[in-house]
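Observations on the model geometry
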Amino acid sequence: MKNQRSVIRAVAGIVLATASVLPVAIMGANSAGASGSVKVYMIPKFTGIAPFTQAAAGCKTEGAKLGLNCLYGGPTTGSAVDQVNFINNAVAAGDKGVLISNDDAATTNPALVRAEKHGVKVVTFDSDALPSGRTVYVEGTSTASIAQTELDMLGSQMKPAYTGNFIILSAQATDSNQVTWNKQVKADLKLMKYSKMKLVSIVNPPSDSAADATSSLQAALAANPTVTGIISPTTVGIAAAAQYLTTNKVCSKYVLTGLGDPNQMKPFMTSNCVHSFALWNFTQEGKVAACAMSAVLAGKLTGKTGQSFMCAGVKEVVLPGQTVSAGNAEVFTKANVGSAGF
Amino acid sequence: MNRLRHAVVRWESGLVLLIILVMVLGQWADGDLLSSFNLQTTALNSVVLLCLALGLAPVIMTSDIDLSVVGTLALVGVVIGDLTAHGTNTWLAIGIGLAISLVCGLINGLLVVLFDLPALAVTLGTMGAYTGVSFLILKGLAISTFPSVIVSMGSSNVTGTQIPFAVVLLIVFAAILSFILHGTVFGKSVFAIGGSRKAALFSGIAVNRVRITTFVISGLMAGIAGLLFLGNYQTAQAGMGASELLPAVTAVILGGVSAYGGTGTIPGVVLAAALLALLQSALGLHNFSGEGQTMAIGFLLIIAIGLPPLSQKYKDWKRRRSASPVTVANAVLSSSEEGK
């Protein structure tokens, strides 16, 4: 009998506790934005990192000018299955559009196609879906721009210039952005300018954690003693590599460059361990995504190559592959890393 | 035993109450929670989680754990995907996939029981191993076209309704598992082993065989989860389903299965999975981001695990305060007996 009563009490406790939390939660959340505006939902790969927060800010400010209320939310870890929950929620809540950076294009596709069937427009940003699951894709910058910037940053610092062996410290092998960029780097290496640069190995750590990036880098450098250059096209990877070189006091031995977060990389620039890296402007990417969504909702943009729309005074054009490029990769050096607006 | 059953029934009614509460509050706040689209898609997106949880429950009831279920899920998904992509008959491919899941479960069971190794360590290892094999099979690539049989199994509705076929399938599985665990000698053995492995051994229960069987059940359910994952998300790759491990364990514990083994019911696990799905959907509809949802679920879980021992402690303390030394000694004795 005693056991039973204690469980009853436990259950009653849970019910009461939840009952007290739920209304508070419901009052606390921002359910509605500016009245009369069209609700669209922006879903990042996961929340809590600067690039997506900036993209959301861009979407909010530019969206507001266009009569869009850009809501923002997503999973806390990079989970495509969780993203499906958010897609479904947006459809069920009657949002008119979904802007999404896909964790995994294939996994989210059925949900995106289902959303489109319910009249919800889909614009992808940062990381594309399958073509059947969206109208247009807004990329932060073009693959060509990234590959070329990476090779130029590395080559110009090599001694002698544009000569030597290098590795790419990438992300997980399934990351579609990384695969595309690295493929472009390989293709560009055939150009005359880079003919004396040799890509020895592409390193794919088992997860997107700094710890795994570090141990993978360590193994790769040990296995390839002739390497003098490292390109890391991930914000996690380049920061982990910079930390590794600093800790082991071998900054002068290697040229490290890639795609990084200015705030995170500032100390390594100051200590002269890293001299240049690149990134695109995520706020701009969010703005262009909002403009694209607005144009799609208005029926002016259907994803045909050559179609165009205006965004913050700039004319954006749809490229082959239904892609819109939000700008060029921005190179950061010691001179401008402090003034980066993000 | 009768008392225990009563207690567990109360646990489930608590979950039902919570589900109703979430439904009412959620519907009141946004009005879209109970729309047929939302219920259908929410159910569909919880299928993989529930399938894993159903398989995990018997293992946790015997006070073991199986972390490798997501590895098995990926391996089965990848094998079925790879076979069908190369023209193998769909049903044959499904058969091979599910057979592999049985083997995966058997390997776990044998390693844990025969070599007397901790289940946590063994299944952590096999999780990596199974995921690794799936990675080797596809070499990091993904398959995204599947035979229509598999797709409709995972994502279509029962003809003429809005009810996903996979959900019906899982309810049937849950009913079968319920019968096995709550209506057979095998089920009694599972709970006895979870209560006290030694006592179960001394009372003549084939502890090793029962424990191995729970791992095989867990493997098979993970394999079925892999099959349903293919149909629902139409993608097969090495990392698939990895994010579903912790939510599945959450559903099992929230369902009233003690993390120490020995108690719990299958209907409880089903209700907990439904509660988690509805809560997540209600919060999502109210524009809560992932952090808010994760916090709410974590909060719920801590209360679920923490309240029973807390209320027990409180009662002991109250009794000790009001009783004479002799009755205190008796109470302590009896409560320690009941704790078993």
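Criteria and thresholds
- Residues numbered from 1 in each chain as written.
- Chains lettered and ligands numbered in written order.
- Predicted model: local features only at pLDDT ≥ 70, side-chain atom pairs only at ≥ 80, totals over all residues.
- Heavy atoms only, no water.
- Pairing = 2+ DSSP bridges.
- Helix = DSSP H or I, 4+ residues; strand = E, 2+ residues; numbered from the N terminus.
- Axes fitted to C-alpha atoms, helices over the stretch in contact; angles between N-to-C directions.
- Contact = heavy atoms within 4.5 Å.
- Disulfide = S-S within 2.5 Å.
- Buried < 20%, exposed > 50% of the residue type's maximum accessible area, 1.4 Å probe, protein only.
- pLDDT = per-residue confidence, 0-100.

**Quick notes on the sheet that holds strand 6 (residues 164-169) of chain A**
Residues and elements named next belong to chain A. On the basis of which strands lie adjacent, the open sheet formed by four strands has the order 7-6-8-9 and parallel pairing. Edge positions in the sheet fall to strand 7 (197-203) and strand 9 (255-258), since each of these pairs with one other strand and no more. Direction aside, the axes of adjacent strands within the sheet are offset by 25° on average. Inspection of the sheet shows strand 6 paired to strand 8 (residues 227-232) by four bridges, in the parallel sense. Note that in strand 8 the partner of Phe-166 across the bridge is Gly-229. Against the sheet, helix 7 (residues 210-223) touches strand 6, strand 7 and strand 8, its axis set at about 155° to strand 6. Strand contacts of helix 8 (residues 235-247): strand 6, strand 8 and strand 9, with the helix running at about 165° to strand 9, the strand carrying the most contacts.

**What to know about the state of the cysteines**
All names here are of chain A. On inspection of all chains with the given rule, the structure shows three disulfides over all chains. Between the sulfur atoms of Cys-59 and its disulfide mate Cys-70 the distance is 2.0 Å. Taking the sign of the S-S torsion, 100° for the link of Cys-59 and Cys-70, the bridge is right-handed. With Cys-59 in helix 2 (residues 50-65) and Cys-70 in strand 2 (residues 68-72), this residue pair connects regions lying 11 residues apart in the sequence. Residue Cys-59 is classed as buried on the basis of its relative accessible area of 1%. With a sulfur-sulfur separation of 2.0 Å, Cys-251 is cross-linked through a disulfide to Cys-273. The sign of the -85° torsion about the S-S bond sets the Cys-251-Cys-273 disulfide as left-handed. Residue Cys-251 is located in the loop between helix 8 and strand 9, and its partner Cys-273 is located in the loop between helix 9 (262-270) and strand 10 (277-279); the two are separated by 22 residues in the primary sequence. The buried category is assigned to Cys-273, whose relative accessible area is 4%. Once the bonded cysteines of chain A are numbered in order along the sequence, the disulfide links fall as 1-2, 3-4, 5-6.

**Considerations on the confidence of the model for chain B**
All names here are of chain B. Model confidence for chain B is summarised by a mean pLDDT of 89, while 92% of its residues fall at 70 or above. Looking at the elements of chain B, mean pLDDT is at its lowest for helix 14 (residues 325-338), recorded as 53, and at its highest for helix 4 (residues 90-114), recorded as 97. The ipTM assigned to the predicted complex is 0.75, against a pTM of 0.78.

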